[in-house]
Amino acid sequence: MKYQAPRGTRDILPDESWKWQRVEEVFRETAARFGYREIRTPVFEETELFARGIGDSTDIVRKEMYTFADRKGRSLTLRPEGTAGVVRSYVEHSMGHGGRATKLFYFCPMFRYEWPQAGRYRQFWQWGLESLGSLSPAVDAEIIHFSVSLFAALGIRGTEARVNSAGCRECAPTYNELLRERLASRLPSFCEDCRVRYERNPRRMFDCKNAACLEVLRDAPSILESLCDGCRDHFDRVQAYLARMSVPFRVDTSLARGLDYYTKTVFEVHYAGLGAQSALCGGGRYDQLVEEIGGAATPACGVSAGVERLLTALESEGALPATEPRPAVVVVWMGSAASLAGASLAAALRELMSVEMDYQERGLKAQLRDAARLGARFALILGEDEVARGIAVVKDMQTGEQEAFPVGAVVGEIERRLAKS
Ligand code: HAM
């Protein structure tokens, strides 16, 4: 029987994983520059946390969660997103007591039972930020700025930040009523799912993946007409901050996020090169969530992005260096005495640099060909003769020049040459 990775999941093989490391590195550096610190929460949580946090009317909770009972019959769910778990942890550990905003980041896998297609997986990775404890529109702007900066730092050009307001618990219901009123006569044109959404939470209709439904929604009223004064003012100030910070953005009144916890600002950054799944990241403010899952009232704002999509965008921009990191030295050896001497030199060199060594007992030519294929800077050649004379040959793989050195001088010599090149 042959096993395969489960549908919608994928292996990240070594030819690809170094690209992931590069994205993670740049993300971590950028997060540190913006003052965010890492949090690691469990991969699974109580199902109830997601049902409450993300919302019963969302597609995620209705049909995309990996939910299972453990051996004691407790209902647990693989996290479909990061925010609910971070907020649970924030409340559990009373993180908000310092007076300043708590700024957290994560980089980890998420799980959604979605229909797999380009850019959509059942296990996918997200980087995310959550800033808890401030009502200031400057926080929303900081998070949008972070997203745009990170994509630019990675070399993705032509991203577009789209912003909208989701209103608050005061004005959003007014908008829902207005939507119901205006869409009532068009209801037969919508898919069955949208008709359920219409009853439960009409704004969820904007999440529909069906083009015909989205077409009808083009005539729907804009939420901006229904905002209360507080939400209107907040939205204006977010835009003022973005403009002063020179962060390019566009107001998109059709932007509705697929999770229920949002209040006020919502945003996404899109990259056209991705086709249908063009959202690189999405986020917004969620001022009620902490309280809804049992904490003290705490305003908050955050963002998450799909790492697979980010990598696809990087590939299509040609923004990744063409090759992965190369070893500085490949130890090439023949005969068992040379194998011992080679292993000992490799051990000493590995304190300082990356070193590869052959374990297949192949001939000199095959080993040197391999060293060239790996892109090594130097080959260190040891045969029976070299071992008997207490020397090793350093071959410069760029010029082809070879020179012999006493074994004791090899490490220093390679270090000196690397520093010079
Ligand atoms: P989300 O829009 O559901 O938001 O997901 C954020 C990003 O994750 C998307 O823009 C997309 O890049 C990626 N993504 C989502 N589903 C998949 C999938 N099935 N396969 C591949 N990539 C996917 C959230 O998750 C919120 N927690 C964002 C947030 C944080 N809001 C406030 N704080």
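Just so we're clear, the structure is a prediction, and the values are computed from it rather than from any experiment.

Colleague: I'd like to hear about unusual backbone geometry, residue by residue, with values.
Modeller: The phi angle of most residues is negative, glycine excepted, and most peptide bonds adopt the trans form. Positive phi is not limited to glycine here, since Lys264 has a value of about 55°. Among the secondary structure elements, Lys264 is positioned in the loop between strand S8 (250-251) and strand S9 (265-271). Using a relative accessible area of 16% as the deciding quantity, one classes Lys264 as buried. A positive phi angle, close to 55°, is found at Glu361, a residue other than glycine.

Colleague: Residues and numbers for the site of the ligand, please.
Modeller: If you check the shell around the ligand, you find 27 residues, and the closest are Glu81, Glu114, Glu130, Arg257 and Tyr262. In this structure, Thr83 approaches the ligand through a side-chain N or O atom, which is 2.9 Å from a nitrogen atom. Arg257 is positioned such that a nitrogen or oxygen atom in its side chain is 2.8 Å from an oxygen atom of the ligand. For the ligand, whose unbound accessible area comes to 660 Å², protein coverage reaches 95%. Elements with a contribution of two residues or more to the shell around the ligand: strand S6 (123-132), strand S10 (279-285) and strand S11 (300-306). With 6 residues, S10 is the single largest residue contributor to the shell around the ligand. When grouped by side-chain class, the residues that make up the shell around the ligand number 11 nonpolar, 9 polar and 7 charged.

Colleague: Please give an account of the sheet that holds strand S1 (residues 37-38) that cites residues and values.
Modeller: Hydrogen bonds between backbone groups are what pair the strands of a sheet, and the pairing can be parallel or antiparallel. Pairing within the open sheet is mixed, and its 8 strands lie in the order S1-S5-S6-S11-S10-S9-S7-S8. Of all the strands in the sheet, the pair left with one neighbour each is S1 and S8. Note that strand S7 (residues 159-165) and S8 share 2 bridges and pair parallel. When the sheet's bridge partners are listed, Val163 is paired in S8 with Val251. Contacts between helix H1 (residues 14-33) and the sheet are confined to S1, strand S5 (102-111) and S6, with S5 contributing the most and set at about 160° to the helix. The sheet contacts of helix H4 (residues 83-92) involve S5 and S6, and relative to S6 the element is tilted by about 45°.

Colleague: An account of the environment of Ser94 is requested, with residue identities and associated values reported.
Modeller: You can see Ser94 is positioned in the loop between H4 and S5. Taking the C-alpha atoms as reference points, Ser94 and Arg237, 143 residues apart in sequence, are found 30 Å from one another.

Colleague: Talk me through the sheet that holds strand S14 (residues 378-382); I want residue IDs and the actual numbers.
Modeller: Overall, mixed pairing links the 5 strands, which are arranged S13-S12-S14-S15-S16 in an open sheet. Both edges of this open sheet fall to strand S13 (355-357) and strand S16 (402-406), since each of them pairs with a single strand only. Taking each pair of neighbouring strands and ignoring which way they run, the sheet shows an average axis angle of 25°. Sheet topology places strand S12 (residues 329-333) next to S13; 3 bridges connect them, and they run parallel. Each residue of the ladder has a partner; that of Val330, found in S13, is Glu356.

The rules behind each value
Residues numbered from 1 in each chain as written. Predicted model: local features only at pLDDT ≥ 70, side-chain atom pairs only at ≥ 80, totals over all residues. Heavy atoms only, no water. Helix = DSSP H or I, 4+ residues; strand = E, 2+ residues; numbered from the N terminus. Buried < 20%, exposed > 50% of the residue type's maximum accessible area, 1.4 Å probe, protein only. Near = heavy atom within 4 Å. Polar contact = N/O pair within 3.5 Å; in protein donor to acceptor, adjacent residues only side chain to side chain. Areas by Shrake-Rupley, 256 points an atom, 1.4 Å probe, with all protein chains shown as cover. Nonpolar A, V, L, I, M, F, W, Y, C, P; charged D, E, K, R; others polar. Pairing = 2+ DSSP bridges. Contact = heavy atoms within 4.5 Å. Axes fitted to C-alpha atoms, helices over the stretch in contact; angles between N-to-C directions.

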